[in-house]
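Remarks on the overall topology
Residues per chain are reported as follows:
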Amino acid sequence: MLTGMERILQLVEENPERKLQTLMHLINKTTLKEVHQKQETGKATGVDRVSKTVYGNKLEENLDDLISRMKTFSYRPQPVRRTYIEKEGSSETRPLGIPAYEDRLVQGVIAEILNMIYEPKFYDFSYGFREGMSCHHAIKYLKSELMGKVNWVVDADIKGFFNNVDHEWMMKFLEHEIADKNLLRYIKRFLKAGIMEAGNFTETDKGVPQGSLCSPIMANVYLHYVIDMWFEIKVKKTA
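All of the points below concern the structure found in this document. (Residues numbered from 1 in each chain as written. Predicted model: local features only at pLDDT ≥ 70, side-chain atom pairs only at ≥ 80, totals over all residues. Heavy atoms only, no water.)

A look at the overall build of the chain
Along the backbone of the chain there are ten helices and four strands. Along its sequence from the N terminus, the chain presents helices and strands in the succession α-α-α-α-β-β-α-α-α-α-α-β-β-α. Against the 2.2 N^0.38 benchmark of 18 Å for 239 residues, the chain shows a C-alpha radius of gyration of 19 Å, consistent with a compact globule. The principal-axis extent of the C-alpha atoms belonging to the chain is close to 60 × 50 × 30 Å. A total of 239 residues make up the chain; the buried ones form 39% of that total. (Helix = DSSP H or I, 4+ residues; strand = E, 2+ residues; numbered from the N terminus. Rg over C-alpha atoms; globule rule 2.2 N^0.38 Å. Buried < 20%, exposed > 50% of the residue type's maximum accessible area, 1.4 Å probe, protein only.)

So this is what it looks like as structure tokens:
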């Protein structure tokens, strides 16, 4: 028997143009527990200062309360706690957003839902933040297909991408495939949850916080429409 997530994948593959209607029921005790079990013990905590161990001490009670609040829409994601980490190979730093623990669980399930919806739609030449793909696969492809086979190359770097994602366009892209207004409502709440840094709260009117479990797939969705589809449909035909 197919799981709820597998059923989404089946629907997308059978009818790629179909908007998916009912998805919120997939954020349930079973899927939240699965995400909880995947979390590493000892990770940095969010503004709530709740760790996996502390949350897990009353897991059943905590999840029942979370699901109850989600059903009545009284659940609101907490601001992410901002910290900074060094960029690899550089003295510069980049911001990292650490979500509250139960927010992390909800994000994990939403990320899995989005992956099931969008993974079949992504182009094969998209390598970032995808299971089974990495920069090494991209380099291997370029080495075998690039040299002597193309006339031009576009090299672009989007500065501060995660900090500057346009919320309005992000939601429009999601609405293109998703008709479940309740799920979209919660995704928007995560985008607007804000940042807490050194005790100061900052509203977020753009960007997706690095550190959120939803950020990688949401970045891929955004770039799928803004870059990948543009190149595949527009640029290639006029090149």
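Comments concerning the packing of aromatic side chains
Evaluated as defined, the whole model comprises 14 aromatic pairs. Judged by centre distance (5.7 Å) and plane angle (45°), the ring pair of Tyr-75 and Tyr-186 falls under tilted. With a gap of 111 residues between them, Tyr-75 in the loop between α4 (59-71) and β1 (80-86) and Tyr-186 in helix α9 (residues 181-191) connect regions that are remote in the sequence. For the pair Tyr-75 and Tyr-186, a shared accessibility class is recorded, and that class is buried. Ring geometry for Phe-173 and Tyr-222: centres 5.3 Å apart, planes at 75°, overall edge-to-face. Of the two residues, Phe-173 sits in helix α8 (residues 167-175) while Tyr-222 sits in helix α10 (residues 215-238), which places them 49 residues apart along the sequence. When sorted by exposure, Phe-173 lands in the same class as Tyr-222, which is buried. One aromatic cluster is present, formed by Phe-129, Phe-161, Phe-162, Trp-169, Phe-173, Tyr-222 and Tyr-225 through successive ring pairs. The ring of Trp-169 has Lys-172 lying over it, and the distance from NZ or CZ to the ring centre is 4.4 Å. (Phe/Tyr/Trp six-rings, centres within 6.5 Å; stacked < 30°, edge-to-face > 60°. Lys NZ or Arg CZ within 6 Å of the ring centre and 35° of its normal.)

A word on empty space enclosed by the protein
With the rule as written, the count across this model stands at one cavity of 30 Å³ or more. Computed from the structure, the largest cavity encloses a volume of approximately 120 Å³. Together, 17 residues line the largest cavity, and Gln-107, Phe-190, Leu-191, Pro-209 and Ser-212 are the ones closest to its centre. Where the lining of the largest cavity is concerned, the elements lending two or more residues are α5 (101-118), α9 and α10. Classifying every residue of the lining of the largest cavity by side-chain character gives twelve nonpolar, four polar and one charged. (1 Å grid on protein atoms, 1.4 Å probe; cavity = no way out; pocket = protein on both sides within 12 Å on 5 of 7 lines; lining within 4 Å. Points joined across faces, edges and corners; volume = space filled by probe spheres on them. Nonpolar A, V, L, I, M, F, W, Y, C, P; charged D, E, K, R; others polar.)

Quick notes on the sheet that holds strand β3 (residues 195-197)
A sheet is described by the order of its strands in space; here four strands give the open sequence β2-β1-β3-β4, paired in mixed fashion. The open sheet has two free edges, formed respectively by β2 (93-98) and β4 (200-202), since each of these has just one partner strand. Each neighbouring strand pair of the sheet contributes to a mean axis angle of 40°, computed without reference to strand direction. As judged from the six bridges shared by β1 and β2, these two strands associate in the antiparallel manner. Each residue of the ladder has a partner; that of Thr-83, found in β2, is Leu-96. (Pairing = 2+ DSSP bridges. Axes fitted to C-alpha atoms, helices over the stretch in contact; angles between N-to-C directions.)

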